[in-house]
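# Descriptive analysis of the structure
Residue-level listing of the chains:
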Amino acid sequence: MDSLYLLIPVALVFVAVGIKLLLWAIDNGQYDDLDKEAWRILADEQKADTSNRDSNGGEDSK
Amino acid sequence: MIAASGLESFYQQRTAYSERPAEAEFSLNDQYLIYDDPDMAQRFCQREDNGSVTARLLLGGITCAACTWLIEQSLGPVPGVHSALVNLEQSRLDICFDPTQLKLSEIFSRVESLGYRPRPFHASTQREQMSAEYRRDLRRLGVAGFGMMQVGMFAVALHAGDIQGIEEQYQGLLRGFSLLVSSFVVYYSAGTFFTTAWRHLRQGALVMDLPVALAIGLAWLASAWATVSGTGQVYFDSVVMFTFFLLLGRFLEARVRQKHSLTWFDAESTLPDAVSCQQGGQWVTVPRTQVVAGDVVLLRPGETIPVDAEVVGGTSAVREDTFNGEHLPRAVVVGDTVFAGTINVEGALEARVLGSYLESRLAALQQSVEVAQTAKPQLARLADRVASWFVAVILLVTSATALAWMQIDSSQALWIALSVLVISCPCALALATPAALTAAAGSLRGSGVIVRGENALEALSRSSHLLFDKTGTLTEGKLGLATVQLLADVDQDQVLAIASSLQRWSNHPISLVFQDIAEAPGFQDIHYHLGQGLSGQRQGLQYRMGSDTFCRQLCATLPPAPDAPLYWVALCDEHRALAWIGLNDRVRPEAREVIDDARAGGLQVGLLTGDSSAQGPLLAEELGIADVHTGLEPQQKMAQVQRLQEAGAVVSMVGDGLNDAPVLSLADASFAVAGATDLARTQADFVIVGGDLRAVISTWRKARACRRIILQNFGWALGYNLSAIPLAAMGYIPPWAAAIGMSLSSLLVVANSLRLNRQPSR
């Protein structure tokens, strides 16, 4: 049971890191637009599509 | 459903996109050339170190994520664009581009060609504040969430220890760490409750945050003392959980509202940024802000007039629905004044500028909106009224308990008094309102009504008066064919076909009436006479359509217009008068039902209109409205509502026009109907998207239901407290039972509120 003296502080460090990460993400604006992000997964498919086409276009021009 | 329809549009856009290259098919709009001017550009652009420029544009007309996708995808491959990102919640496009390859005017034109209205994005303090507040709320919520998980784990161990037995050193350890974590949560997340409660307390107001702050503060203090002294009981888990639940409830409620808030809209942004100004005998395009009094500007037909000006050349008609809500234009000739924000309908005008935007009539309108915002009476919230006596009762009961236990067993007195405070924790009470409001707003959105106002549902449920605007609200806001009075031996279809073919050549609002009517073939030589009407030739016969005098010049036998209060247009040929065509603004088919329902529900119905013609009283009579005020300026509408409010009425207002914006902002609860101007939308508490006026009544019913649910929630929360407090006062409730009881009562309140999500059964 003495391990509690070590494990609980370790857990708290993890929590502190988690909170820090979350706050960083919020301040970075990652949560500013919750609506669009929900759609991004749908848009990505097309994005890959166009980037393929773009890279093709790039090769053509070379 | 949304996902399905959204996906469809994705694929439609996608095929459309791959069929044509992004570079093609857009035309540079001259109007945007002024943004290439560095002075104009630097106000919304930022130059990066590597030479690229980041511009921020505000986009009008963005409604869903598919729009953001379309814009990002269309602009992304344009040569010179490094990145294009759309922020949906702020309708903002951040575009990073290479200024040597691409001009701003081209970006504007491209966005416009996609069907959106680009404007420079100017950061406003209000907008900054809103996004800062949003982030702050989210940070608090996140910290409280992490803290709740951590303290909850310790609490499980502690509660288990209470039952099974636990060594004192481990209990001390767990309590110590709980104290550590919860202190941080109370300081970081719950701080807002303390500051709000204190701020209101200093003004002598008891708000819901006060019992909340008391419960959190005292429970935390007591638990901290118990931890330090090694006696008594700890309530850290309750404190943190309570904080998290409350923050979550409020965050969700705020989000539902903020999602559609457009508080940053101002009237000036409706004006065009580019103006044709006469300089040295030539017309040059200059930014609107550089035009000064005395300059002569060119006002083209179809454009919004950018400044208040006096006409010095040309004749035309201007649509002034901005100020009076009417859609029929006013004829203007040399010497008349035209106002910024109105629309020039017929012909080009030359006009001398009278002053800057700040001196214009539109700015005055905007100002009265701001005045109205501060003049709006604050209705006391139900929650705050409950809170005020709740605090008193709790403090009384706690003191009584403490006193009683002093007599019985003074060593227990402190702990039992504290457990009373924690048990009476107003979590369910504080959640009662936000949970119900969030559920009601969600349900309303499903039926096409967006809730924007903070206190609007409560105010609406208590409203005693329901006032309507006329044009565009009770009526459809556009002219329609009312009657045709034939004057010769022709049939009606023929008359309408002739009218239709003549009206093709006009851009006066009247022409819209005839848009869907088949034309009569064979017309030639059609001319549009400004402010008078149209003339044309067919099979050797001259035809004229328009005003009384204009037609009489061709056909002297034209009888005077019939008496009925309609908008009459004459049609004649060389030999005979053909018809008088009566037009009017049609009443919405559901208007009658809405007004009957409102009256049946005990609301006083009234009509406030800017129209001074006989149409107002006539319509009121038709719909059975007794209280009618016509010919009102925006400020006079405000005065009417203010008079009612001073007499103690709670006023709801339904409107649509820019001229309704101040009164919408002043009313206790307000609706903007479909097609309302942006400024009216920003001031309204509810925006009806679907275009069905019946939504006013269904929203009102929902608001009443919401109030009922809130009262039920209060009833339950108080009932729970009332039954638990005696037990706590007798010293029977251990901390774990307090925590469970609190969570269960909160869950019940939330579940009860969710009943509002059910669609009304008709």
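Residues numbered from 1 in each chain as written. Chains lettered and ligands numbered in written order. Predicted model: local features only at pLDDT ≥ 70, side-chain atom pairs only at ≥ 80, totals over all residues. Heavy atoms only, no water.

A count of helical and extended segments in chain A gives two helices and zero strands. Taking all 62 residues of chain A together, the buried fraction comes to 27%. (Helix = DSSP H or I, 4+ residues; strand = E, 2+ residues; numbered from the N terminus. Buried < 20%, exposed > 50% of the residue type's maximum accessible area, 1.4 Å probe, protein only.)

Scanning chain B for helices and strands turns up 25 helices and 27 strands. Taken over 762 residues, chain B has a buried fraction of 53%. Within chain B, contacts between residues separated by at least 24 positions form 67% of all contacts whose residues are at least 6 apart in sequence. When the accessible surface of chain B is split by element, carbon and sulfur atoms take 54% of a total near 33200 Å². (Contact = heavy atoms within 4.5 Å. Areas by Shrake-Rupley, 256 points an atom, 1.4 Å probe, with all protein chains shown as cover.)

Let us look at the environment of Ala144 of chain B. All names here are of chain B. With respect to the secondary-structure elements, Ala144 resides in helix 5 (residues 125-164). In this structure Ala144 comes out as buried when scored by relative accessible area, which is 0%. Separated by 42 residues in sequence, Ala144 and Val186 place their C-alpha atoms 8.3 Å apart. With residues near it in sequence (within four places) discarded, Ala144 still touches Val185, Ser189, Val240, Thr243, Phe244 and Leu247.

Turning next to the packing of helix 6 (residues 168-188) of chain B against helix 8 (residues 209-229) of chain B. All names here are of chain B. Running from N to C, helix 6 and helix 8 cross one another at 155°; their axes reach a closest spacing of 10 Å. Taken together, the axes of helix 6 and helix 8 are roughly antiparallel relative to one another. Crossing of helix 6 over helix 8 shows left-handed handedness. In contact with Arg175, Gly176, Leu179, Ser182, Ser183 and Val186 of helix 6, helix 8 contributes Ile216, Trp220, Ala224, Ala226 and Thr227. Per-class residue counts for the contact of helix 6 with helix 8 are six nonpolar, four polar and one charged. (Axes fitted to C-alpha atoms, helices over the stretch in contact; angles between N-to-C directions. Parallel < 35°, antiparallel > 145°, perpendicular 65-115°, else oblique. Left-handed = near helix turned anticlockwise from the far one by under 90°. Nonpolar A, V, L, I, M, F, W, Y, C, P; charged D, E, K, R; others polar.)

Our next topic: the side chain of Thr433 of chain B. Its location among the elements puts Thr433 of chain B in helix 14 (residues 427-446). Each residue touching Thr433 of chain B, except ones within four places of it in the same chain, is listed here: Ala383, Glu458, Ile710 and Phe714 of chain B.

For the rest of this paragraph, the subject is the packing of helix 7 (residues 191-202) of chain B against helix 8 of chain B. The description of two helices packed together rests on the angle between their axes and the distance between the axes. All names here are of chain B. The N-to-C vectors of helix 7 and helix 8 enclose an angle of 130°; their axes lie 8 Å apart at closest approach. In terms of orientation, helix 7 and helix 8 fall into the oblique class. When the axes of helix 7 and helix 8 are compared, the crossing they make is left-handed. Facing Thr192, Phe193, Phe194, Thr196, Ala197 and Leu201 of helix 7, the residues of helix 8 in contact are Asp209, Leu210, Val212, Ala213, Ile216 and Gly217. For the contact of helix 7 with helix 8, the class distribution of residues is eight nonpolar, three polar and one charged.

Below, the discussion takes up the confidence of the model for chain B. All names here are of chain B. Overall, the predicted model of chain B reaches an average pLDDT of 81, with 92% of residues at or above 70. For chain B, helix 1 (residues 2-19) is the element with the lowest average pLDDT, namely 42, and strand 16 (residues 465-468) is the one with the highest, namely 91. Here residues 1-24 is a poorly scored stretch, pLDDT under 50, and it has 31 contacts once near neighbours within four places are set aside; other chains count. (pLDDT = per-residue confidence, 0-100.)

Such a bond, covalent and formed between the sulfur atoms of two cysteines, is termed a disulfide. Inspection of the entire model under this criterion finds zero disulfides over all chains. Cys551 of chain B provides the cysteine sulfur closest to Cys572 of chain B, a residue in no disulfide bond, and the two sulfurs are 4.2 Å apart. (Disulfide = S-S within 2.5 Å.)

The next subject is the side chain of Asp660 of chain B. All names here are of chain B. By the element assignment, Asp660 lies in the loop between strand 25 (651-655) and helix 22 (661-666). With a relative accessible area of 0%, Asp660 lands in the buried category. Reaching out from Asp660, the side chain makes a polar contact with the backbone nitrogen of Asp656 at a distance of 3.0 Å. With sequence-adjacent residues up to four places away left out, Asp660 is seen in contact with Asp469, Lys637 and Gly655. (Polar contact = N/O pair within 3.5 Å; in protein donor to acceptor, adjacent residues only side chain to side chain.)

What follows is about the pairing of strand 18 (residues 523-529) of chain B. Every other side chain in a regular strand lies on the same face of the sheet, so the side chains alternate between the two faces. Residue and element names in this part refer to chain B. Direction of pairing for strand 18 relative to strand 19 (residues 533-538): antiparallel, over a ladder of five bridges. The residue bridging Tyr528 from the neighbouring strand is Leu534, located in strand 19. The hairpin turn running from strand 18 into strand 19, its antiparallel successor, is three residues long, and Gly531 in that turn takes a positive phi close to 70°. (Pairing = 2+ DSSP bridges.)

All names here are of chain B. Taken as a whole and assessed by the stated rule, the structure comprises seven aromatic pairs over all chains. Ring centres of Phe671 and Phe686 lie 4.9 Å apart, and the angle between their planes is 25°; this geometry places the pair in the stacked category. With Phe671 in strand 26 (residues 669-672) and Phe686 in strand 27 (residues 686-688), this residue pair connects regions lying 15 residues apart in the sequence. For Phe686, a relative accessible area of 0% translates into the label buried. Across the ring face of Phe339, the terminal group of Arg361 is positioned such that the distance to the ring centre comes to 4.6 Å. (Phe/Tyr/Trp six-rings, centres within 6.5 Å; stacked < 30°, edge-to-face > 60°. Lys NZ or Arg CZ within 6 Å of the ring centre and 35° of its normal.)

To continue, consider the sheet that holds strand 16 of chain B. All names here are of chain B. Taken together, the seven strands give an open sheet; going across it, the order is 15-27-26-25-16-23-24, and neighbouring strands pair in mixed fashion. This sheet does not close on itself; its edge strands, each paired only once, are strand 15 (449-451) and strand 24 (627-629). Taken over all neighbouring pairs, the strand axes of this sheet differ in orientation by 20° on average, direction set aside. Taken together, the three bridges between strand 15 and strand 27 define a ladder with antiparallel strand orientation. Note on strand 27: the bridge partner recorded for Val451 is Phe686.

The next point concerns the pattern of salt bridges. All names here are of chain B. Applying the stated rule across the entire model yields 18 salt bridges over all chains. Among the salt bridges present, the one from Arg110 reaches Glu106, with a minimum N-O distance of 3.1 Å. Here Arg110 pairs with Glu106, and both are found in helix 4 (residues 104-113), just four residues apart, close to one helical turn. Owing to a relative accessible area of 18%, Glu106 belongs among the buried residues under this scheme. Note that Arg361 is salt-bridged to Glu633, the shortest N-O span being 3.6 Å. With Arg361 in helix 11 (residues 361-375) and Glu633 in the loop between strand 24 and helix 21 (634-646), this pair connects stretches of sequence that are 272 residues apart. (Salt bridge = Lys/Arg side-chain N within 4 Å of Asp/Glu carboxyl O.)

What follows concerns helix 6 of chain B. Helix length check: helix 6 of chain B (21 residues) gives 30 Å between terminal C-alpha atoms against 30 Å at 1.5 Å per residue, within 8%. Where helix 6 of chain B is concerned, the buried positions are Tyr170, Gln171, Leu173, Leu174, Arg175, Phe177, Ser178, Leu179, Val181, Ser182, Val185 and Val186 of chain B. (Expected span 1.5 Å × (residues − 1).)

Residues and elements named next belong to chain B. Taken together, six strands build an open sheet; the order of strands is 17-22-21-20-19-18 and the sheet is antiparallel. At either margin of the open sheet sits one strand with a lone partner, and together these are strand 17 (475-486) and strand 18. Averaged over all pairs of adjacent strands, the angle between their axes in this sheet comes to 20°, without regard to strand direction.

Residue and element names in this part refer to chain B. A contiguous nonpolar patch, built from Ile163, Trp736, Ile740, Leu744 and Leu747 and spanning about 520 Å² of accessible area, is present on the exposed surface. Inspection of the secondary structure puts Leu747 in helix 25 (residues 735-754). For Leu747, a relative accessible area of 52% puts it in the exposed group. (Patch = residues over 30% accessible without salt bridge, like charges linked within 9 Å, V, L, I, M, F, W, Y side chains within 5 Å.)

Of the residues in chain A, 61% have a pLDDT of 70 or more, and the chain-wide mean is 71. Low pLDDT, under 50, characterises residues 46-62 of chain A; the predicted model gives this stretch 13 contacts beyond four residues in sequence or across chains.

A word on helix 7 of chain B. The end-to-end C-alpha distance of helix 7 of chain B is 17 Å, a good match for the 16 Å that twelve residues give at a rise of 1.5 Å each. Downstream of helix 7 of chain B by a residue or two, Gly204 of chain B has a phi angle that is positive, lying close to 80°.

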